[in-house]
Amino acid sequence: MADLGPGAAAPGNPRGGAGRGVRPEPRHIRRVLVIWAIATVLGIALVLNLHRLLPGLLPPMASSEAQGVDFTLGFFTVLAVPVAMLVWVFAAYSIATWRVRRFEGLDGPPISGSPVLQTTWILSSALLCLFLVVYGLALLTNVSAAPPGRLLTVDVTGQQWQWNFKYPSRGGVTTTTLALPVNRPILFRVTSLDVDHSFWIPALAIKIDAIPGEVTTVYAMPTREGTYTARCAELCGLYHSYMQSRVRVLSAGGFSSWIGAQERVWGRGGG
Amino acid sequence: MASRWWSQSVLTGVPMGVVTALVAALLTRAIGGPSASDAAICIGFVGWAFGFLGGMGAFRYPRTLLLARPDPTAEEEHQLAVQGGGPWRYFRFTTDHKVVGIQYLVLGLVLFAVGGLAAMLIRLELLRPGAAAFPPATYNTIVGLHGIIMIAGTIIMITGPFGNFVVPIMIGARDMAFPRLNALSFWLLFTAVPVLLCAPFLGGFPTGWTSYAPLADQAPPGMDAFLVTILLFGGSVAVAGANIVTTAITMRAPGMTWTRLPIFVWGAAMTASTLGLMVFPAFMAAMVLLGLDRTLGTSFYVASGGGSAWLYDNLFWLMGHPEVYVIAIPAFAVIMELLPVFSRKPLFGYRTAVASTTAIVGLSVLVWAHHMFVTGWAPQLNGPFMLTTEMISIPTGVVFLVAVGTLWRGRIWLTVPMLFVLSFLWNFVIGGMTGLYLADVPTDYQLHGSLFVTAHFHYTLMGGALMGFFAAFYYWFPKMTGRMLNETLGRIHFWVTQVAFNVTFLAMFYVGLQGMPRRVADYSAQFAAGNFVASIGAFVLGAAMLVFAYNIVSSWLRGQRAPSNPWHAKTLEWQVPTPVPLENFEETPVITSWPYDYGAPEPTPEGAAERAPA
Amino acid sequence: MDAAATAGRLAAAGEGVEAQHRKLRIGTLLLIASDVVFVACLFFTYLYLRALNVEGRWLPAGVQPPSIASGLLLAGLLVASAASYRWADLGIRQGDQRRLQTGLGVALGLVVVELLYALWQLTHLGFGPGSGTFADSFIVLTGYHVVHLLLVILLGGMVLNRARHGRYGPGRAIGVELVGYVWYWVALMAVAMALLALV
């Protein structure tokens, strides 16, 4: 932008008359659109490679929900780049081109609006919004429905400041660490014994509040084995920072043997 | 006739407030027994407010009315507006809108200093993993104090100082519609400050500024201080809002038609103040119910008694989201007011801008449940609330068109206020765009409650709205104080702030995306790098504010004398002398054109106003 | 700036009596609007908890809601009081001082009766705060209504006192009109509360 120094294309004396002041100068528009296009391409390239520049930018994608969320995060960012660049490039171009060093008593051209431009701006932002809403609704419907397969229910209870996990289909086994079988849909039924908590497993991209006296639900479909963290995401008092549990996503066989062992311990404990 | 120098001042207000508070608290304790300690604290604080206002002389006029005494004479009104003159009038019940504006400005800056200090302490705790700096209860209280002080501070930061000082002059009025209510609104706000600062000494409060019940039900007595603070603050917002809206509707000079009204008056007075007045009672209602839960044993938010945390969430966010626009719209208005001045061009799309601002106000009361996507309340409503939330980005986006359209082909004069206007354009785009992910329900499931949200709203409220405040501050400071701010220090303040702000909160986006929850004191090693950067950025930001503070103090005391119109602007406040005389105008101005006729074929050199006999 | 100039300030700020009245009217209505939102939130609370608590959780054993008749009585007293107030207000606009004082006296008397009845009711409910969500919601609504009544008595007393000192007359009765807005709003809330008993 060095060739567009201050005053490089300053309009004539605006006091010379309104007619000269509003005369279109397509050179500026063309230049700024080219810069905008280049900046957009560079911006999108940056966004698409951000996770390479910043290791661990997103939690490991360990569920089908997380895949949808990660894709959407990237997709929305790509959509946002041209819009943001539109504002920034036009503003930066204006400053670089028409900046004055000090006040000289001169005014710019008396342009007080452009009905066509204003209408276009509002309509195109409305269209963009409409698209985002439709996209969001589709994704929401997808996330809200139970994933296909044999559902495993886990009852999650939050209390200050720990999580308890109960497997009602396995004789009410209750643990303080969560184990889940891979590639099997899970239904979490979440509640709280005292105050609001929020049950969050970043790697699975699921979160639902634990509300006293209510049962809230969320589905997840873990797709990758590994050890992750479940945490409380709603400020719940003194030791909120430490309200977290280990989450292990195990192979089907691994899960069976783990839950079997738990059942034996639980049975002996007289539960 | 003239009252004594110490009457109607903090010298009478504070002792009376303290005595009333003690009497009220002890009486409650005596009647209710030891189980009434929460009630005693609440009633004591309310007593403080009444006693203080009584000592300030706020009830003199109501008493005159009640006892059917003669109405105040012109001389008495004059005395109330001047209050002896000199700096001492800033500590008295003074009705001159310019005094009230300065009072709001100073109190706002003090609030920012305290809230900013709390922010530094938070970042100190988060500098490294391990929560080494504070015990957990202290840390939670610091988080809550930072939140509520900054929210309250940003609500008043533009409408308080500039709405009071500038708006009446801008519309050609001699004062606000209700000068006594104006003084009352400030001193009512003032009563809330010591109440809130008592909270840490009453065990603090663990809830953050959102004060979610039922955690707030079981919190220590610091919570009582918090809830009374909200009631006092809400009362002040209602009184101030009613006053400024009435002023803008009824006090406009002849010829100041709705389409000639400066955009700042539209934003700060007409729309934002109406919204504040209409939504803050929801927070007050939520706090009254919380107070009853805590003192009388009701169970509005207690599940075992039939209550619900979702009830609190709804009441809170009914206020909570519109309140964001109560903060943001005055900042938009400042941006749009300053752009024409420093681009030397008419405001681009004035009517669209006014319509958009009004549309934001209308839509803002329909979006509250987007804060509740993950609460599990009414999942069938997630779709509709996603729709309304996306819709509000349409009128908000118009601000950018107005900004870019005004800049384009202007003669752009990069003064310090203009720099802050431009930083708004950078920061608020990021703040707005990151809102997309939070409006979209499935991505919100992941990001809600994380530091991503914290970074997002700091980009809108700090990078956006607070930059609007800085712009307004540098712009109107010469008119309000008669002194110019030091420009070099202003530029240092700007550049350090802008860079450090972005470093801090981009790092916070990073750790938020990684999965770090907000409002924690400790975190695992994977978040260490981002937090370290964010903390260093925040400390540099704090240093920038020290430069700002030094600039304010030194310029106010010894700065260069300000000419009456240093920016060559055309709105009315720049056409009156500096310092502004008590009556603002010698004769009522008659308005013949709008204030943005820059580059008009035959511009009037003096500006928009042509004096004519009233 | 001397006192004489301030006289000019007062005159100019108002730009005439009608502008003064318009200013006061708008300001009062805005403050009432703020209070309406507050009350609406209390009603929202009542209805929300009503919908949430089914199968006897709304009215636990031993909690007997006051009869619908008592709600109607409370509403009726205030509607009559507001009507009497309105009658007084219209009277003074034609310069009828006697009608102003009579109407005000009746209106104020009815509000005092209402206050005493509401206080009696609150202390003889047979339940208290903590007896379930109906009890809590009912008590907070009635309690706030009592606060309203105290405000109305204060304002009404002020208007009556000023009326006795001859402070009102045709074109000088804006104070009567403004207090009237508060009065009608409080009466409206009493009617809404009576209807709530049907939910």
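Please read these numbers as outputs of a predicted model, since none were measured by experiment. (Residues numbered from 1 in each chain as written. Chains lettered and ligands numbered in written order. Predicted model: local features only at pLDDT ≥ 70, side-chain atom pairs only at ≥ 80, totals over all residues.)

Quick notes on the overall build of chain A
Cut-off, in case you're wondering: Helix and strand assignments follow DSSP, with helices taken as H or I runs no shorter than four residues and strands as E runs no shorter than two, numbered in order from the N terminus. Each residue is classed by its C-beta neighbour count within 10 Å, where at least 20 other C-beta atoms makes it buried, 12 or fewer makes it exposed, and intermediate counts make it partly exposed; the C-beta atoms are placed from backbone geometry. C-beta atoms are first placed from the backbone for all residues, and any pair lying within 7 Å is then listed as a contact.
A count of helices and strands for chain A gives six helices and 11 strands. Counting the 271 residues in chain A, one finds 35% classified as buried. In chain A, 71% of the contacts between residues at least 6 apart in sequence involve partners at least 24 apart.

Some details on the interface of chain A and chain B
Bring the parts together and some accessible area is lost; that lost area is often taken as the interface size. As a reminder of what qualifies: Each residue is assigned to one class: nonpolar for Ala, Val, Leu, Ile, Met, Phe, Trp, Tyr, Cys and Pro, charged for Asp, Glu, Lys and Arg, and polar for all the others, Gly among them. Only strands joined by at least two bridges in the DSSP assignment are considered to pair.
Each partner contributes residues to the interface: chain A has 75 residues there, and chain B has 80 residues. Those elements that place two or more of their residues in the side of chain A that touches chain B are helix H1 (18-21), helix H4 (64-98), strand E1 (99-100), helix H5 (115-144), strand E7 (197-201) and strand E8 (206-210) of chain A. The residue makeup of the side of chain A that touches chain B, split by class, is 48 nonpolar, 19 polar and eight charged. Looking at chain direction, E1(A) and strand E1 (residues 412-413) of chain B are connected through two bridges and run parallel. Each residue of the ladder has a partner; that of Val100(A), found in E1(B), is Trp413(B).

Considerations on unusual backbone geometry
All names here are of chain B. The peptide bond linking Ala 213 to Pro 214 adopts the cis configuration, its omega dihedral lying at 5°. Here Pro 214 lies in the loop between helix H8 (179-198) and helix H9 (222-250). Going from Thr 578 to Pro 579, the amide bond is cis rather than trans, its omega being -5°. Tracing the backbone shows Pro 579 in the loop between helix H19 (528-558) and strand E2 (589-591).

Some thoughts on the domain arrangement of chain A
All names here are of chain A. Defined as follows: Reported domain spans reflect what an automatic or database domain assignment gives.
Looking at chain A, the domain boundaries give domain 1 (2-100) and domain 2 (152-268). On the domain 2 side, the residues contacting the eight residues of domain 1 number 13 residues. A class-by-class count of the residues in the side of domain 1 that touches domain 2 yields five nonpolar, two polar and one charged.

Focus: the pairing of strand E11 (residues 244-250) of chain A
Residues and elements named next belong to chain A. Residues Ser 245, Val 247 and Val 249 of E11 are buried on one face, while the alternating residues Gln 244, Arg 246, Arg 248 and Leu 250, pointing to the opposite face, are not. Two strands pair when backbone bridges link them, and strand E5 (residues 178-181) and E11 are joined in this way by four bridges, in the parallel orientation. Looking at E11, one finds that Leu 180 is bridged to Val 249. Two strands pair when backbone bridges link them, and strand E10 (residues 226-232) and E11 are joined in this way by six bridges, in the antiparallel orientation. The residue bridging Gly 226 from the neighbouring strand is Val 249, located in E11.

Some points on the sheet that holds E7(A)
All names here are of chain A. How we decide: Here, axes are lines fitted to C-alpha atoms. For helices the fit covers the stretch in contact, and angles between N-to-C directions go from 0 to 180 degrees.
Pairing in this open sheet of five strands is mixed, and the strands run E5-E11-E10-E7-E8 from one edge to the other. Each of the sheet's edge strands pairs with one partner strand only, and the pair in question is E5 and E8. Here the strands of the sheet are splayed against their neighbours by 20° on average, with no regard to which way each runs.

Remarks on the nonpolar core
Generally speaking, nonpolar side chains in soluble globular proteins are found buried as a group. All names here are of chain B. Note the cut-off: When buried Ala, Val, Leu, Ile, Met, Phe, Trp, Tyr and Cys residues are joined through C-beta atoms within 7 Å, the set is termed a nonpolar core.
If you look at the biggest cluster of nonpolar residues, it comprises 341 residues, and the most contacted ones within it are Trp 187, Val 265, Ala 286, Ile 335, Leu 338, Phe 420 and Ala 471. Residue contributions to this core peak at 24 residues, all from helix H11 (residues 309-343). Setting aside residues no more than four positions away along its own chain, Ala 286 makes contact with Tyr 312, Leu 315 and Phe 316.

Side note on the interface of chain B and chain C
Contacts between chain B and chain C engage 44 residues on the former and 39 residues on the latter. The set of elements that each furnish at least two residues to the side of chain B that touches chain C consists of helix H3 (60-66), helix H4 (74-82), H9, helix H10 (263-295) and H11 of chain B. The element that contributes the greatest number of residues to the side of chain B that touches chain C is H10(B), accounting for eight residues. In terms of residue class, the side of chain B that touches chain C is made up of 27 nonpolar, 12 polar and five charged.

Digging into the arrangement of the chains
With two pairs of chains in contact overall, the contact-richest pair is chains A and B. Spatially, chain A and chain C are disjoint, and the shortest separation between their C-alpha atoms is 11 Å.

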